[in-house]
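Given next are the chains, with one letter for each unit.
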Amino acid sequence: MKAGSTGALTLPDYFKVLTAGGVSVKNTNVEIFDSQGISHTLSAAFVRTDAANQWDLVLTSITGDVTLHDRRVKGITFLTDGSYGGITGADASSFQLEFAHDPGNVRTIDMDFGTVGEFDGLSQFGGASTVAPSGQDGYPSGWLSSLSVTREGLLVGVFTNGVRRNVAAIKLATFQNPAGLESIGNNYFTISANSGDPVATRALAGGAGAIRGGSLEKSNVEVAAEFVNMIQAQNGFQANARTIRVANEMLRELTNLIR
């Protein structure tokens, strides 16, 4: 470069680690999701250090437009029986990164390595090393695909990404004197001075009953009125059937006369 020349060198948000050095290395991948439901594949390597029973976790790369702020978890230790021994020093079991669509908001990805002294996470034994994530709490974007109703009146939404969420609740009301409600016809009732004001609640709370999804309540119809309608329909059917029978007999007699 010539003396006095000016210019700027643009560096990438982070450099990929092609090979994580160490006594022993084991690679693994974890899928994470940002706030927009976009998937990012996080590649990491467990690197065995010179210290006995101690490893580091190095984030080697991540897909998408992401800026890495912290890419190493230092001092992952194991006890003499091979169980997880915790992290030495003040280093946290997490990575810090920043997504391009949300600049200035540094996100923390926490890693759960297990319980100290237990074998419910990482462990160290003789033999070939294997490492794989057991799960994560992120999920991609999804759309509401179906709804169901619980006995408590909760509307549970099932989304295309497999997530279930309580999206709403059915509001019910109770009365101090339900028998004092005033009938206004067609099986509808309204409040009166004897019934008292409605008390808002939800199913199975405050004396309210349960809700059955996909069912019709018998009291939704006026039983007496529907019974009368059924009798009228039956009488009409019998009269029409008798008319048709008489017409058939007349046609039969007319056919016999022609013969």
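Since we're looking at a predicted model, the values are computed, not measured. (Residues numbered from 1 in each chain as written. Predicted model: local features only at pLDDT ≥ 70, side-chain atom pairs only at ≥ 80, totals over all residues. Heavy atoms only, no water.)

J.: What exactly am I supposed to notice about the sheet that holds strand 10 (residues 154–159) here?
T.: Two pairing modes exist for strands in a sheet, parallel and antiparallel, and in both the strands are linked by backbone hydrogen bonds. Reading across from one edge, 9-10-11 is the order of the 3 strands in this open sheet, with antiparallel pairing throughout. The open sheet is flanked by strand 9 (144–149) and strand 11 (164–169), the only strands paired with a single partner. Shown here is a sheet whose adjacent strand axes are inclined to one another by a mean of 30 degrees, direction ignored. Looking at chain direction, strand 9 and strand 10 are connected through 5 bridges and run antiparallel. Directly across from Leu147, in strand 10, lies its bridge partner Gly157. (Pairing = 2+ DSSP bridges. Helix = DSSP H or I, 4+ residues; strand = E, 2+ residues; numbered from the N terminus. Axes fitted to C-alpha atoms, helices over the stretch in contact; angles between N-to-C directions.)

J.: Is there a simple way to explain the environment of Gly104 in this structure?
T.: One can find Gly104 in the loop between strand 7 (94–99) and strand 8 (107–110). Spatially, the C-alpha atoms of Gly104 and Phe237 are 77 Å apart, while their sequence positions differ by 133 residues.

J.: What is the right way to look at the side chain of Gln124 in this model?
T.: You can see Gln124 is positioned in the loop between strand 8 and strand 9. At a separation of 2.8 Å, a polar atom in the side chain of Gln124 contacts the side chain of Asn53. Among the polar contacts made by the side chain of Gln124, one reaches the side chain of Trp55 at a distance of 2.9 Å. For Gln124, the contacting residues outside a window of four places in its chain are Arg48, Asn53, Trp55, Phe78 and Gly82. (Polar contact = N/O pair within 3.5 Å; in protein donor to acceptor, adjacent residues only side chain to side chain. Contact = heavy atoms within 4.5 Å.)

J.: Mind showing me how you'd approach the sheet that holds strand 4 (residues 66–70) here?
T.: Strand order in the open sheet made by the 3 strands is 4-7-8, with antiparallel pairing throughout. The sheet is open, and its two borders are formed by strand 4 and strand 8, each paired with just one other strand. Direction aside, the axes of adjacent strands within the sheet are offset by 35 degrees on average. As judged from the 4 bridges shared by strand 7 and strand 8, these two strands associate in the antiparallel manner. For Ser94, the partnering residue across the bridge sits in strand 8 and is Asp110.

J.: Sorry, what's going on with the pattern of salt bridges here?
T.: All chains considered together, the criterion is met by 2 salt bridges. A salt bridge links Asp56 to Arg72; the nearest nitrogen and oxygen atoms lie 3.1 Å apart. With Asp56 in strand 3 (residues 54–62) and Arg72 in strand 5 (residues 72–78), the pair connects residues that are 16 residues apart, well separated along the chain. Note that Asp102 is salt-bridged to Arg107, the shortest N-O span being 3.1 Å. (Salt bridge = Lys/Arg side-chain N within 4 Å of Asp/Glu carboxyl O.)

J.: What exactly am I supposed to notice about the nonpolar core here?
T.: Within soluble globular proteins, side chains that are nonpolar tend to cluster in buried spots. With 21 residues, the main nonpolar core has Ile32, Phe46, Leu57, Ile76, Leu97, Phe113 and Leu122 as its most contacted residues. Elements represented by at least two residues in this core include exactly strand 1 (25–33), strand 2 (39–48), strand 3, strand 4, strand 5 and strand 7. Looking at which element gives the most residues to this core, the answer is strand 3, with 4 residues. Beyond its immediate chain neighbours, meaning those up to four positions away, Leu57 contacts Ala44, Ala45, Phe46, Arg71, Arg72, Val73, Ile76, Phe95, Met111 and Phe113. (Core = buried A, V, L, I, M, F, W, Y, C linked by side-chain atoms within 4.5 Å. Buried < 20%, exposed > 50% of the residue type's maximum accessible area, 1.4 Å probe, protein only.)

J.: I keep staring at the environment of Leu181 and nothing clicks. Help me out?
T.: By secondary structure assignment, the location of Leu181 is in the loop between strand 12 (172–174) and strand 13 (182–185). A residue is classified by how much of its surface remains accessible, and Leu181, at 23% relative accessible area, is partly exposed. In sequence terms Leu181 and Gly75 are 106 residues apart; their C-alpha atoms lie 71 Å from each other. In this structure, Leu181 is in contact with Phe175, Phe189, Thr190, Ile191, Ser192 and Ser195, ignoring residues within four places of it in sequence.

J.: What is the right way to read the packing of aromatic side chains from this model?
T.: Considering all chains together, one arrives at 3 aromatic pairs under this definition. Ring centres of Phe46 and Phe113 lie 6.4 Å apart, and the angle between their planes is 70 degrees; on these two criteria the pair is classed as edge-to-face. Pair noted here: Phe46 is in strand 2 and Phe113 is in the loop between strand 8 and strand 9, with a separation of 67 residues, a long-range link. Each member of the pair, Phe46 together with Phe113, is buried. Taken together, a centroid distance of 5.8 Å and an interplanar angle of 20 degrees make the contact between Phe119 and Phe125 stacked. (Phe/Tyr/Trp six-rings, centres within 6.5 Å; stacked < 30°, edge-to-face > 60°.)

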